[in-house]
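# Understanding the architecture of this molecule
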Amino acid sequence: MNEFFYVALPYVALALAFGVGAYRFYKQPYSYSSLSSQLLENRKLYWGSVPWHYGIGIILLVHLLAAIFPGVTTALLGAPIRRMIIECTGIALSFMALVGIVILIIRRTGYAKLARYVTSRMDGLILALLLVQVLTGIGVALFNRWGGLWYVHTAVPWFWSLARLHPETATVASLPAFIQIHFVLGFILVLLFPFSRLVHLIKMPVHYLWRPYQRVIWYRGPKQQLSRGKNE
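Description of the structure in this document. (Residues numbered from 1 in each chain as written. Predicted model: local features only at pLDDT ≥ 70, side-chain atom pairs only at ≥ 80, totals over all residues. Heavy atoms only, no water.)

Counting its secondary structure elements, the protein contains 11 helices and zero strands. Shown N-terminal to C-terminal, the secondary structure of the protein runs as helices and strands in the order α-α-α-α-α-α-α-α-α-α-α. Pairs at least 24 apart in sequence give 79% of the contacts found in the protein among residues at least 6 apart. As displayed, the protein offers around 15,600 Å² of accessible surface, 70% of which is attributable to carbon and sulfur atoms. (Helix = DSSP H or I, 4+ residues; strand = E, 2+ residues; numbered from the N terminus. Contact = heavy atoms within 4.5 Å. Areas by Shrake-Rupley, 256 points an atom, 1.4 Å probe, with all protein chains shown as cover.)

Here is the structure:
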């Protein structure tokens, strides 16, 4: 089973993510969005989307940087005070993401809500998996302390062995089952990535940083102009 979960599943997930994702990008470019339902219900979207994106975004970025620069990560976590600050910050961001995803789920599944009727089964599955992933991440942070250190010496070597096409599962196969579930769920989400709204991550509006300012011109219809003339 180790070969399936830690060798076959990662390669299949990445192959589908890149292959199907590229096909969908070129053949169905207009589907590469989150299909926003902001017009249907905006208040819960704001209070759920903001903490979710900030919380999970920073966490994913830290995971990625730690995998790319394991030596720097080990040096940063070497001092007990820095390690404690980073651990507490990570836990706080995890709970921030948890609050966000719970609000987004309530918004999508609430009774008699418009957003509920535009929520597909894939949306529900993704939301459920993201919730479980966040909960398992919080569990790992709370009950398997100093995750930053053992992450560098267990998960990171496994990631790099996959990248070199010489997978080695020894470092992760011996971890507690709770941590292994967290890893496996991560690749299941990668597998479902090209089939869901998660693809909107690829088209982040980075170009807004250099796009010229948008000019907004109010349009006044004939009736509005006529009423305005009478008032004047």
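So, on to helix α10 (residues 177–192). Taking 1.5 Å as the rise per residue, α10 with 16 residues should run 22 Å; its terminal C-alpha atoms sit 22 Å apart, in good agreement. Next to the buried residues of α10 lie α1 (2–27), α6 (121–143), α7 (147–153), α8 (155–163) and α9 (170–173). (Expected span 1.5 Å × (residues − 1).)

It is worth spelling out the pattern of salt bridges at this point. Inspection of every chain in the model, using the stated rule, returns one salt bridge. Residues R197 and D123 are paired through a salt bridge, measuring 2.8 Å at the closest nitrogen-oxygen approach. With R197 in the loop between α10 and α11 (222–231) and D123 in helix α6, the pair connects residues that are 74 residues apart, well separated along the chain. With respect to burial, R197 and D123 carry one shared label: buried. (Salt bridge = Lys/Arg side-chain N within 4 Å of Asp/Glu carboxyl O. Buried < 20%, exposed > 50% of the residue type's maximum accessible area, 1.4 Å probe, protein only.)

On to unusual backbone geometry. At L165, a residue that is not glycine, the phi angle is positive and equals roughly 65 degrees. For L165, the position within the fold is in the loop between α8 and α9.

On to α8, then. A155, V156, W158, S161 and L162 are the residues of α8 that are buried. Two residues or fewer past α8, L165 is found with a positive phi of approximately 65 degrees.

As for its position among the elements, S120 is in the loop between α5 (114–117) and α6. A relative accessible area of 37% means that S120 is categorised as partly exposed. Sequence spacing of S120 and R108 is 12 residues, and the spatial spacing of their C-alpha atoms is 9.8 Å.

Within the secondary structure layout, F69 lies in the loop between α2 (43–68) and α3 (70–76). Spatially, the C-alpha atoms of F69 and V152 are 9.2 Å apart, while their sequence positions differ by 83 residues.

With that out of the way, let us pick up the environment of R197. Judged by relative accessible area, which is 16%, R197 ranks as buried. A C-alpha to C-alpha distance of 8.8 Å links R197 and I126, two positions 71 residues apart in sequence. Here D123 takes part through its side chain, which lies 2.8 Å from a polar atom of the side chain of R197. (Polar contact = N/O pair within 3.5 Å; in protein donor to acceptor, adjacent residues only side chain to side chain.)

Moving on: the packing of aromatic side chains. This model, assessed by the stated rule, comprises six aromatic pairs. Here Y6 and W158 contribute two aromatic rings whose centre-to-centre distance is 5.4 Å and whose plane-to-plane angle is 90 degrees, an arrangement assigned as edge-to-face. On the criterion of sequence distance, the pair formed by Y6 in helix α1 and W158 in helix α8 is long-range, its members being 152 residues apart. Both residues of the pair, Y6 and W158, count as buried. Here Y151 and F159 contribute two aromatic rings whose centre-to-centre distance is 6.3 Å and whose plane-to-plane angle is 65 degrees, an arrangement assigned as edge-to-face. Of the residues examined, Y151 reaches a relative accessible area of 11% and is grouped as buried. Aromatic rings pair up to connect Y6, Y151, W158, F159, F183 and F187 into one cluster. (Phe/Tyr/Trp six-rings, centres within 6.5 Å; stacked < 30°, edge-to-face > 60°.)

With that settled, the discussion passes to the side chain of S161. For S161, the position within the fold is in helix α8. For S161, the residues in contact, after removing those within four places along its chain, are Y11, H166, P167 and E168.

Keep in mind these values describe shape, not function.
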